[in-house]
Amino acid sequence: AAVDNAPAIVVGSGYGGAVAALRLGQAGIRTLVLEMGRAWNTPGSDGKVFCSTSAPDERSMWFRTRTEAPLATFLWLDVVNKDISSYPGVLDRVHFDAMSVYVGRGVGGGSLVNGGMAVTPLRSYFKEQFPTVDAAEMYGTYFPRARSMLGVNTVDPAWFESTDWYRFTRVSRAHAQRTGLKTTFVPSVYDFGHMQREAAGTATRSALGGEVIYGNNHGKRSLDKTYLADALGTGNVTIHTLEKVRAVSRAADGSWLLTADRIDHTGKVVETRQYGCTYLFLGGGSVGTTELLVRARETGALPALPASVGAGWGTNGNVMLGRANHLWDTVGANQSTMPVMGIDDWANTANPVFAEIAPLPTGLEHWVSLYLAITKNPSRAAFSYDSGTGGVRLGWTAAHSAVSVAMARKLFDRINAANSTIYRYDLFGSADKVFADDFTYHPLGGCVLGKATDDYGRVKGYSRLYVTDGSLVPGSIGVNPFVTITALAERTMARVLAEDTAP
Ligand code: FDA
């Protein structure tokens, strides 16, 4: 088959891919981005680009016939998930033996479906996780650059204190304070000016309309509106959608060869394309990138890849849980989908946890305080190649998740004791399941910086091959990860453009 050549190819259009594409384009390097999801820029028959969480349709999930939302049930009723028709929807849940991973699919990757929380990690923990990275440079240059490019802003504290839409957060804050715990505001890429206009009735509701995991129709500064819009604006970047890169190999002259399957809306492969490039940037996310590289090594396509490719994977210690409040502690029928506060007990060295106060917008009072806890779980797992399926398996076990649960339980037992409250037993499918420990929103690792790559994301064993996404982060960063992923990608691109691509 004919080979399409570009100087640079970027696989994936999430945070790592978007930063690479923009900086390559600005440097005058013609760049092709290959993204397996669709572009989310044209409305469906209802006039909306994305469907709502309350009435999900085919746009909600990646080739499913039923949605797989994180909350399986509510009041023991199977009211959350809905039958849908199969389609390249925006949210995927990738299942491994004992862990499933939520990821975004489309131009913008995870930015299309995530909660927008834009948190810079604690400097001391960043240094612990990235001992070879110059923290002064990260906190002086790359974190500020990432935040400004992503459009990070903060909720107006006065509005926060007075609005109905954050009553659920204030209730959880009061419970944390009664326990003697510290809370902290978390910044967001959701435009709070837009949110306030939604509350005032002068803008169409999105965060205040229950939209988040299946996409926001308004208000959110997802990557297609920031980095990727700028990348296309350079005139040097092209994005191909619905093209999934399946194989990577190297030609005799040292250039890269890619095989990509182009799919239609039914998932059928309508064409298999070959691409060639000089510089290859992998931004498929922790699972996507690691799978490509593990497969390339194990099938003999790239035999010089180190054994550390596939290793060092973790869930960022994610656990979700709900507490049942007293009848007088109403959380409100109105809840913004964008979290703005966390319970910060990371400094508690005996049991470090950062717990986001999460919304549960149902339009009804339900007395649930929901949390996504980020625990300092030291467990790490590895991906291995499954020659039977051509995919990868993940060595994460239930015992690994139990470590996160024990840490979350320690913190929330204290909160329950201080407030005379109990857990909710009706949210995760069965009455003995209080902690949802079988999924993560924060897959991290697989091609860890300084192990599978050099200190700038250059993959060991080859030249002109780079990883720019969440695979670089060693399994845990203590906060929501996209600001870290973006800042590390900025740092990699600055170095690579200065050292590797000069003529
Ligand atoms: P990312 O997953 O964003 O992008 C990878 C892209 O590559 C995807 O578009 C994918 O389709 C594509 N791809 C993969 N393999 C491919 C292949 N072989 N060929 C072609 N394309 C391929 N974080 C945070 O900081 N704050 C938050 O509030 C939240 N909330 C949150 C909620 C939910 C529901 C989810 C699922 C996730 C979050 N996150 C989050 C996590 C955050 O979204 C995540 O860490 C980043 O999106 C990861 O960025 P990457 O660049 O690593 O990959």
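Conventions and cut-offs
Residues numbered from 1 in each chain as written. Predicted model: local features only at pLDDT ≥ 70, side-chain atom pairs only at ≥ 80, totals over all residues. Heavy atoms only, no water. UniProt positions renumbered as here; feature names shortened; annotations may be inferred. Pairing = 2+ DSSP bridges. Helix = DSSP H or I, 4+ residues; strand = E, 2+ residues; numbered from the N terminus. Axes fitted to C-alpha atoms, helices over the stretch in contact; angles between N-to-C directions. Left-handed = near helix turned anticlockwise from the far one by under 90°. Contact = heavy atoms within 4.5 Å. Nonpolar A, V, L, I, M, F, W, Y, C, P; charged D, E, K, R; others polar. Buried < 20%, exposed > 50% of the residue type's maximum accessible area, 1.4 Å probe, protein only. Polar contact = N/O pair within 3.5 Å; in protein donor to acceptor, adjacent residues only side chain to side chain. Disulfide = S-S within 2.5 Å. Bend = angle between axes of the 7 residues up to and from the residue. Near = heavy atom within 4 Å.

By the naming in an unreviewed UniProt entry, the protein chain is Cholesterol oxidase, taken from Streptomyces resistomycificus. Annotation of the protein chain in UniProt includes, under Sequence similarities (unreviewed entry), the sentence "Belongs to the GMC oxidoreductase family." Regarding the protein chain, the relevant UniProt record gives this comment under Pathway (unreviewed entry): "Steroid metabolism; cholesterol degradation."

Bridge analysis of strand 1 (residues 3–11) against strand 9 (residues 269–282) gives eight bridges, and the strand direction is parallel. Across the sheet, the residue bridging to alanine 6 is cysteine 277, located in strand 9. The pairing of strand 8 (residues 256–263) with strand 9 spans eight bridges and is classified as antiparallel. Of the residues in strand 9, the one forming a bridge with tryptophan 256 is cysteine 277. Between strand 8 and strand 9, which pair antiparallel in sequence order, lie five residues; one of them, glycine 267, sits at a positive phi of approximately 95°. Sheet analysis places strand 9 next to strand 21 (residues 465–467), joined by three bridges and oriented parallel. Directly across from leucine 282, in strand 21, lies its bridge partner valine 467.

Attention shifts here to the packing of helix 1 (residues 15–26) against helix 10 (residues 482–499). Describing two packed helices takes the angle between their axes plus the distance from one axis to the other. For the pair helix 1 and helix 10, the least separation of the axes is 9 Å and the interaxial angle reads 30°. Where helix 1 crosses over helix 10, the handedness of that crossing is right-handed. Where helix 1 abuts helix 10, its residues Tyr15, Gly16, Val19, Ala20, Arg23 and Leu24 lie against Phe482, Ile485, Thr486, Ala489, Glu490, Met493 and Leu497. Among the residues making up the contact of helix 1 with helix 10, the classes are represented as nine nonpolar, two polar and two charged.

The next subject is the side chain of threonine 501. Tracing the backbone shows threonine 501 in the segment after helix 10. Here threonine 501 falls in the buried class, since its relative accessible area comes to 14%. In this structure the side chain of threonine 501 is engaged in a polar contact, spanning 3.4 Å, whose partner is the backbone oxygen of leucine 497. Excluding anything up to four places from it in sequence, threonine 501 contacts Ile29, Tyr279 and Val496.

The subject of this paragraph is the state of the cysteines. If you walk through the whole model with that rule in mind, you get zero disulfides. Cysteine 447 takes part in no disulfide bond, and the closest cysteine sulfur, belonging to cysteine 277, lies 17 Å away. Overall, cysteine 447 belongs to the buried group, its relative accessible area being 1%.

Along helix 3 (residues 135–150), the sharpest kink reaches roughly 30°, centred on tyrosine 142 and followed within four residues by the proline proline 144. If you follow the buried residues of helix 3, they end up packed against helix 1, helix 2 (123–129), helix 7 (227–233) and helix 10. Where helix 3 starts, the residue carrying a side-chain oxygen 3.0 Å from the main-chain nitrogen of alanine 136 turns out to be aspartate 134. Backbone geometry just after helix 3 places glycine 151 at a positive phi near 75°.

The next point concerns the site of the ligand. In the vicinity of the ligand, 36 residues are found, and the nearest of them are Gly16, Glu35, Met117, Gly470 and Phe482. Separating a nitrogen atom of the ligand from a backbone N or O atom of methionine 36 is a distance of 3.2 Å. In this structure, an oxygen atom belonging to the ligand sits 3.3 Å away from a main-chain N or O atom of glycine 106. Among the secondary structure elements, those contributing two or more residues to the shell around the ligand are helix 1, strand 4 (100–104), strand 7 (243–250), helix 8 (285–298) and helix 10. Counting residues per element, the shell around the ligand draws most heavily on strand 7, at three residues. Within the shell around the ligand, the residues separate by chemical class into 13 nonpolar, 18 polar and five charged.

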